[in-house]
Amino acid sequence: MSKLKKKDYERALKGMQRELVDLARWVGETGTRIVVLFEGRDSAGKGGAINALREHLNPRQVRVVALAKPTEHEKSQWYFQRYVAHLPCAGEIVLFDRSWYNRAGVEKVMGFATADQVEAFLAAAPEFEKLLTDDGLTLVKYWLTCDQEKQEERFAERHQDPLKGWKLSPMDTAARENYDEYTEAREAMLRATHTHYAPWTLVDFNDQRRGRLTLIRDFIDRIPDGHVPPEEVPLPPLDGPPSKERFGLIEPLPGYRP
């Protein structure tokens, strides 16, 4: 399949983002709670997909959760505890940029968790997610895929671009050497946690533009069609001519000059 052109991508994305605005309005009106997990290869495009999905949504309603590695205090807690604190209230959508599945992926492959801890997690995760969905929460789980050749291209771009250098970490370079191990870990994770009440969806992100559209289209289609018309906000004309800014104590900065 040929790479999606930018103009075609932007046109399709704009239409889907309008639908997302309607969807978010419905979520707010009905008190629905939604959690979306974004997992996948390093450099697959989780951040770009999340940004495309939430770009035009109210940040007070749609939150992104990207947790740092656990502190020593958090390591002593029940494994799922620090994630529970970020679950949505009524009318909210929470997007996890990586999630509790760290234990089945990076922690397993990089040796940050023992085999017993990983086994215990794979047994507990379906039970934890059953509690969430039985309580009415909508749980959507995405895993973003990309070939190692494409991953190498993106790592090289991060290495060379000072604006993207912050995305490249020692964990990323280690991932290069463990591509196949991550595949094995993913497949074990799917076998243990792909359930009818919280299924996984894999999305091809070799072409990130096409991948974003595929993911967003799937997300919109799986939420019930409950269009809520926007509230009509009156905007009458001003009583007089528009005012100009006036300043007393402090003046604005001089305008930028190239």
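- As annotated in an unreviewed UniProt entry, the protein carries the name ADP/GDP-polyphosphate phosphotransferase and comes from Croceibacterium salegens.
- Per UniProt, the protein carries the Function (unreviewed entry) text "Uses inorganic polyphosphate (polyP) as a donor to convert GDP to GTP or ADP to ATP."

## Points about unusual backbone geometry
- The backbone of Ser 43 shows a phi angle near 80 degrees, a positive value even though the residue is not glycine.
- Mapped onto the fold, Ser 43 is located in the loop between strand 1 (34-40) and helix 2 (46-54).
- Phi is positive for Arg 98, which is not a glycine, with a value near 75 degrees.

## Describing the UniProt feature "domain: Polyphosphate kinase-2-related" (unreviewed entry) in the protein
- According to UniProt, the "domain: Polyphosphate kinase-2-related" (unreviewed entry) feature falls on residues 4-225.
- The span residues 4-225 carries 52% helix and 13% strand; its end-to-end C-alpha distance comes to 28 Å.

## A closer look at the sheet that holds strand 4 (residues 138-145)
- With respect to topology, five strands assemble into an open sheet ordered 2-3-1-4-5, the strand pairing being parallel. If you trace the sheet from one side to the other, it starts and ends with strand 2 (62-65) and strand 5 (200-204), each paired once. Neighbour-to-neighbour, the strand axes of the sheet open up by a mean angle of 20 degrees, direction not taken into account.
- Bridge count between strand 4 and strand 5: five bridges; the pairing is parallel. Bridge pairing in strand 5 places Thr 145 opposite Asp 204.
- Sheet strands touched by helix 2: strand 1, strand 2, strand 3 (93-97) and strand 4. Its angle to strand 1, the strand with the most contacts, is close to 155 degrees.

## Concerning the environment of Trp 26
- When you line up the elements, Trp 26 lands in helix 1 (residues 6-30).
- What makes Trp 26 buried here is its relative accessible area of 15%.
- In sequence terms Trp 26 and Glu 55 are 29 residues apart; their C-alpha atoms lie 17 Å from each other.

## Some points on the packing of aromatic side chains
- The full count for this structure, using the stated rule, is 15 aromatic pairs.
- Their ring planes at 80 degrees and their centres at 5.9 Å tell us that Trp 78 and Phe 128 sit as a pair that is edge-to-face. In this pair, Trp 78 is assigned in the loop between helix 3 (72-75) and helix 4 (81-84) and Phe 128 in helix 6 (residues 115-134), connecting sequence segments 50 residues apart.
- For Phe 128, a relative accessible area of 7% gives the class buried.
- Chaining the aromatic ring pairs together yields one cluster made of Trp 78, Tyr 79, Phe 80, Tyr 83, Phe 96, Trp 100, Tyr 101, Phe 121, Phe 128 and Trp 200.
- Against the face of Tyr 197 rests Lys 130, its NZ or CZ located 5.7 Å from the ring centre.

## Examining the packing of helix 1 against helix 10 (residues 208-222)
- Following both chains from N to C, one finds helix 1 and helix 10 inclined at 25 degrees, their axes separated by 10 Å at the closest point. When the axes of helix 1 and helix 10 are compared, the pair comes out roughly parallel. Crossing of helix 1 over helix 10 shows left-handed handedness. Two secondary-structure elements touch here, helix 1 through Lys 6, Tyr 9, Ala 12, Leu 13, Met 16, Glu 19, Leu 20 and Leu 23 and helix 10 through Arg 209, Arg 212, Leu 213, Ile 216, Arg 217, Phe 219 and Ile 220.
- For the contact of helix 1 with helix 10, the class distribution of residues is ten nonpolar, no polar and five charged.

## Some remarks on the pattern of salt bridges
- Considering all chains together, one arrives at 20 salt bridges under this definition.
- Here Asp 135 and Arg 33 are joined by a salt bridge, their closest N and O atoms 3.3 Å apart. Of this pair, Asp 135 sits in the loop between helix 6 and strand 4 while Arg 33 sits in the loop between helix 1 and strand 1; the two residues are 102 residues apart in sequence, bridging distant segments of the chain.
- Between Glu 107 and Arg 103 there is a salt bridge whose closest N-O contact spans 2.9 Å.
- Ionic contacts of the salt-bridge type, sharing partners, join the residues Glu 19, Arg 217 and Asp 221 into one network.

Thresholds applied
Residues numbered from 1 in each chain as written. Predicted model: local features only at pLDDT ≥ 70, side-chain atom pairs only at ≥ 80, totals over all residues. Heavy atoms only, no water. UniProt positions renumbered as here; feature names shortened; annotations may be inferred. Helix = DSSP H or I, 4+ residues; strand = E, 2+ residues; numbered from the N terminus. Pairing = 2+ DSSP bridges. Axes fitted to C-alpha atoms, helices over the stretch in contact; angles between N-to-C directions. Contact = heavy atoms within 4.5 Å. Buried < 20%, exposed > 50% of the residue type's maximum accessible area, 1.4 Å probe, protein only. Phe/Tyr/Trp six-rings, centres within 6.5 Å; stacked < 30°, edge-to-face > 60°. Lys NZ or Arg CZ within 6 Å of the ring centre and 35° of its normal. Parallel < 35°, antiparallel > 145°, perpendicular 65-115°, else oblique. Left-handed = near helix turned anticlockwise from the far one by under 90°. Nonpolar A, V, L, I, M, F, W, Y, C, P; charged D, E, K, R; others polar. Salt bridge = Lys/Arg side-chain N within 4 Å of Asp/Glu carboxyl O.

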